[in-house]
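One-letter residues, chain by chain:
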Amino acid sequence: MTSPRKIIIDTDPGQDDAAAIMLAFASPGELEILGITVVAGNVPLRLTSRNARVVCELCGRTDVKVYEGVDRPMRRDLVTAEHVHGKTGLDGAELPEPTMAVQSEHAVDFIIETLRKEPAGTVTLCTLGPLSNIGNVLERAPDVAPRIREIVMMGGGYFEGGNITPAAEFNIYVDPHAAEIVFRSGVPLVVMPLDVTHQLMTTKARVSRIAAIGTRPAKVMVEWLEFFERFDEEKYGSDGGPLHDPTVIAYLLEPELFSGRDCNVEIETASELTMGMTVVDWWRVSGRPANARVMRNVDSDGFFALLTDRFSRI
Ligand code: RIB
Ligand code: CA
């Protein structure tokens, strides 16, 4: 029995972030959460901080430490996504304001100190939002890059294009400069792009199986998903919406659900038209060295079976 994998979850909750966090909470045998670091993204930092603690309290995990990170991208103004997630970022369910405290240490300092303290190559960064905290970590403390085991991120898109602009996916679009730092860092990267998450639709049948769990966390999760998916159902004319962020945690639990290939990814930071585009050299025509494992396929039913089974354990 191997010891649980040490992870830091960097997140901008967001209903789909909440599902990813809940999936991690439900997997203590496989994952040791060293901390949750929050970043501005779907909603401003004040709300992503609140929302992360709402999820912790809903799941009875007030033991998990939450650290506030940066409240804006490295070189651009913040763009948020209340049109998708609602004004609080966790619309859909009525929950009390959290009472658990935020840690006093800044998230960037926490990540740097943790990477320096833990044995090299043992900590995985799981990023669910814009990469602003991670970009600041790598810019301030380049010595920690080789100490990171892996960064598993939800972000980018290639065959599916973008979701916030025709060219860019939201997490990368919000902070393309941070993304550029991460993709040029040499840290092993696993990328869950829209090409994967658009195969993971929260259909009524799938959501009803989560509802059938009958616990309060499952009930709240269903309320969040039913709110979150309405925007994409209208946009794509689909049954349900794509469930993005839990792919990061699912990859750590059951990597065989996913397949992809190592290829070069560069980030557009010059053109406003394609700002934040992940230029994925999937067909290896550029000659540029591979810097990421980009996922392309997923066992959708297997993913939702994992999610539903684990949600039932909380
Ligand atoms: O484009 C989807 C990503 O943007 C998800 O992480 C969602 O939570 C938002 O942050
Ligand atoms: Ca997110």
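Above this note sits the structure.
The following paragraphs examine the structure supplied in this document. Quick caveat, the model's predicted, so the values are computed rather than measured. (Residues numbered from 1 in each chain as written. Chains lettered and ligands numbered in written order. Predicted model: local features only at pLDDT ≥ 70, side-chain atom pairs only at ≥ 80, totals over all residues. Heavy atoms only, no water.)

### Section: the overall build of the protein chain
Stage number 1. Scanning the protein chain for helices and strands turns up 12 helices and 10 strands.
Stage number 2. Structurally, the protein chain occupies a C-alpha span of about 50 × 45 × 45 Å along its principal axes.
Stage number 3. In the protein chain, buried positions account for 61% of the 314 residues.
Stage number 4. Excluding contacts between residues fewer than 6 apart, the proportion of contacts in the protein chain whose partners are at least 24 apart in sequence is 83%.
Stage number 5. Total accessible area on the protein chain stands at roughly 12,000 Å², and carbon and sulfur atoms take up 50% of it. (Helix = DSSP H or I, 4+ residues; strand = E, 2+ residues; numbered from the N terminus. Buried < 20%, exposed > 50% of the residue type's maximum accessible area, 1.4 Å probe, protein only. Contact = heavy atoms within 4.5 Å. Areas by Shrake-Rupley, 256 points an atom, 1.4 Å probe, with all protein chains shown as cover.)

### A word on the site of ligand 1
Stage number 1. Every one of the 13 residues lining ligand 1 counts as a neighbour, but Asp16, Leu128, Asn163, Glu169 and Asp245 are closest to it.
Stage number 2. Separating an oxygen atom of ligand 1 from a side-chain N or O atom of Asp17 is a distance of 2.9 Å.
Stage number 3. Within the side chain of Asn42, a nitrogen or oxygen atom sits 3.1 Å from an oxygen atom of ligand 1.
Stage number 4. In isolation ligand 1 has 270 Å² of accessible area, and contact with the protein removes 97% of it. (Near = heavy atom within 4 Å. Polar contact = N/O pair within 3.5 Å; in protein donor to acceptor, adjacent residues only side chain to side chain.)

### Some remarks on the nonpolar core
Stage number 1. If you look at the biggest cluster of nonpolar residues, it comprises 63 residues, and the most contacted ones within it are Ile9, Phe25, Ile36, Trp224, Ile249, Phe258 and Phe303.
Stage number 2. Among the elements that line this core, the one with the most residues is helix α1 (residues 15–25), at eight residues.
Stage number 3. When residues no more than four places from it in sequence are discounted, the contact partners of Ile9 are Ile21, Ala24, Ile33, Gly35, Ile36, Thr37, Cys126, Leu128 and Ile249.
Stage number 4. If you look at the next biggest cluster of nonpolar residues, it comprises 39 residues, including Ile8, Leu125, Ile148 and Trp282. (Core = buried A, V, L, I, M, F, W, Y, C linked by side-chain atoms within 4.5 Å.)

### Describing the packing of aromatic side chains
Stage number 1. Enumeration over the complete set of coordinates arrives at six aromatic pairs.
Stage number 2. Arranged with centres 4.9 Å apart and planes meeting at 80°, the rings of Tyr158 and Phe159 form a pair that is edge-to-face.
Stage number 3. With 5.1 Å between their ring centres and 90° between their planes, Phe303 and Phe304 make a pair best called edge-to-face. Assigned by exposure class, Phe303 and Phe304 land together as buried.
Stage number 4. Members of the aromatic cluster, connected to one another through ring pairs, are Tyr158, Phe159, Trp282 and Trp283.
Stage number 5. A cation over a ring is seen here: Arg76 above Tyr173, with NZ or CZ 5.7 Å from the ring centre. (Phe/Tyr/Trp six-rings, centres within 6.5 Å; stacked < 30°, edge-to-face > 60°. Lys NZ or Arg CZ within 6 Å of the ring centre and 35° of its normal.)

### Considerations on the environment of Thr278
Stage number 1. Residue position: Thr278 is located in strand β9 (residues 278–280).
Stage number 2. The class for Thr278 is buried, based on a relative accessible area of 4%.
Stage number 3. Put simply, Thr278 and Ala179 are 99 residues apart on the chain and 9.2 Å apart in space, counted from C-alpha to C-alpha.

### A closer look at the coordination of the calcium ion (ligand 2)
Reference values for coordination geometry: four tetrahedral donors around a metal ideally subtend 109.5 degrees, six octahedral donors ideally subtend 90 or 180 degrees.
Stage number 1. Bound to the calcium ion (ligand 2) are the protein donor atoms Asp12 (OD), Asp17 (OD), Asp17 (OD), Leu128 (O) and Asp245 (OD), situated 2.2 to 2.6 Å from the metal.
Stage number 2. One chain supplies every donor for the calcium ion (ligand 2), spaced along it as D-x4-D-x110-L-x116-D. Of the two residues, Asp17 is situated in helix α1 and Asp245 in the loop between α10 (216–236) and α11 (246–253); the sequence distance between them amounts to 228 residues. The exposure classification of Asp17 matches that of Asp245, with both residues buried. (Donors = N, O, S within 2.8 Å, 3.2 Å for Na, K, Ca; no water.)

### Let's talk about the pairing of strand β2 (residues 31–38)
Stage number 1. Burial analysis of β2 places seven of its eight residues in the buried class, which makes it a mostly covered element.
Stage number 2. Here strand β1 (residues 5–11) runs beside β2; their pairing, made up of seven bridges, is parallel. Among the inter-strand pairings, Thr11 is bridged to a residue of β2, identified as Val38.
Stage number 3. Bridge count between β2 and strand β3 (residues 66–68): three bridges; the pairing is parallel. Bridge pairing links Val38 to Glu68 in β3.
Stage number 4. Read as a crossover between parallel neighbours, the route from β2 over helix α2 (residues 45–58) to β3 is right-handed. (Pairing = 2+ DSSP bridges. Right-handed = clockwise from strand over helix to strand, strands pointing away.)

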